[in-house]
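These are the residues of each chain, in order.
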Amino acid sequence: LSKVSQDKNYIRPKITTNNSIVIKNSRHPVIEDILGFEDDFIPNDINVDNNKNQISLITGPNMSGKSTYLRQIGIIIILAQSGCYVPCENAKISIIDRLFTRVGASDNLAGGESTFLVEMNETANILNNLTSRSLILLDEIGRGTSTYDGLSIAWAITEFLHNSKYSPITLFATHYHELIELVDNLKNAKNYSVMVKEDHGNVVFLRKIIKGGTDKSYGIHVAQMAGIPKQVISRSDKILRSLSNEKKTIDFNSEDQLIQEGQTDIYVKFLDKIKSIDPNKISPLEGLMILNEIIDEANDI
């Protein structure tokens, strides 16, 4: 550890007990080693605690460095608590009791578990065993199912972690841009994103974490980089523009469900009808008839 620390220019971290992590210019030790000193690894800061900066939601493009950022923070924490110096400029790291991660995609088909079930098993383990001294790294939640299923699960998990009495420090990288709106409405959560430079149709990933969310994933651009035929890319662009025009919002006041624009009026009228019923002025038979009408209307919404 001493030789690695000296050779790789690691520094001695300050270990604290105040449930916070403050690291200046953190680096991923493995990727930095693979790149070598000829290529500069882009360092990033982190300043979180289980009070005002408990949840960091990180949005940004594919291939931009979100996963690397999450992993390097986790590795630095483990190195520090094992007694090793760490790859950064400065570090004040609180002792953690558990490092929970939900990263990558894998399955257990022999055991009858799909990729999504494995993902949910890992997430359940985190939510059922976290403490106030835990560090949670979530790299996508809910992408193994339909868009609205996955978004709903990710949304509810973010709320659960934020409202937990333990307030565990959480870094959550996601493509669900709708969560940006949620985090803006949570007291102890912050939005972050990865810087991107667009120039005449070309996209450059700057791999720098900055404050504020983003509403682009650049998945089609990454598909183009991979060599997907131009015809497919062109068609994907058209479909994306069409889907993006279908505006959808999230209702903060009811069951946190996705609703299409225009459905709000239907719900309001439905609730008004229920509120207008005076149970003291109707017979039991009339009450049953009204109940059947309400059920039929609810099924139609």
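To be clear, the structure that these remarks concern was listed above.
As a starting point, this report considers the structure included with it. Bear in mind the structure is a predicted one, so any value in this text is a computation, not a measurement.

What follows covers the nonpolar core. Counting residues in hydrophobic clusters, the biggest one holds 27 residues, and the most contacted among them are Ile21, Ile23, Ile46 and Val86. Of all the elements in the fold, those that place two or more residues in this core are strand E2 (20-26), strand E3 (44-49), helix H3 (66-82), strand E5 (90-94), strand E7 (134-139), strand E8 (169-173) and strand E9 (189-199). Ranked by residue count, the leading element in this core is H3, at seven residues. Not counting chain neighbours up to four residues away, the residues in contact with Ile46 comprise Ile21, Val22, Ile23, Tyr69, Ile73 and Leu171. Core analysis: the second largest hydrophobic core is formed by 22 residues, Ile126, Ala154, Phe172 and Leu179 among them.

Here the focus is unusual backbone geometry. A positive phi is found at Asn25, a non-glycine position, where the angle reads about 55°. Its location among the elements puts Asn25 in strand E2. Even without glycine at this site, Arg207 takes up a positive phi of about 60°. Secondary-structure assignment places Arg207 in strand E10 (residues 202-211). According to the relative accessible area criterion, Arg207 is partly exposed, its value standing at 39%.

Below, the discussion takes up the side chain of Arg102. Mapping Arg102 onto the fold places it in strand E6 (residues 98-102). Residue classification places Arg102 among the buried positions, given a relative accessible area of 2%. Among the polar contacts listed, one links the side chain of Arg102 to the backbone oxygen of Glu140, at a separation of 3.4 Å. Each residue touching Arg102, except ones within four places of it in the same chain, is listed here: Glu119, Glu122, Thr123, Ile126, Leu137, Leu138, Asp139, Glu140 and Ile141.

Side chains that carry opposite charge are capable of pairing whenever their charged atoms lie near each other. Scanning the model with the defined rule gives seven salt bridges in all. A salt bridge links Lys3 to Asp7; the nearest nitrogen and oxygen atoms lie 2.6 Å apart. Taken together, the residues Lys3 and Asp7, both in helix H1 (residues 2-7) and four residues apart, mark about one turn of the helix. Note on Lys3: relative accessible area 59%, which makes it exposed. Here Glu119 ties to Arg102 by a salt bridge, and the two come within 4.0 Å at their closest N and O atoms. A residue pair is termed long-range when its members are at least 10 positions apart, and Glu119 in helix H4 (residues 115-129) and Arg102 in strand E6 qualify at 17 residues. For the residue pair Glu119 and Arg102, the accessibility class agrees, reading buried in each case. In the salt-bridge network here, residues are joined through shared partners; they are Arg102, Glu119 and Glu122.

What counts and how
- Residues numbered from 1 in each chain as written.
- Predicted model: local features only at pLDDT ≥ 70, side-chain atom pairs only at ≥ 80, totals over all residues.
- Heavy atoms only, no water.
- Core = buried A, V, L, I, M, F, W, Y, C linked by side-chain atoms within 4.5 Å.
- Buried < 20%, exposed > 50% of the residue type's maximum accessible area, 1.4 Å probe, protein only.
- Helix = DSSP H or I, 4+ residues; strand = E, 2+ residues; numbered from the N terminus.
- Contact = heavy atoms within 4.5 Å.
- Polar contact = N/O pair within 3.5 Å; in protein donor to acceptor, adjacent residues only side chain to side chain.
- Salt bridge = Lys/Arg side-chain N within 4 Å of Asp/Glu carboxyl O.

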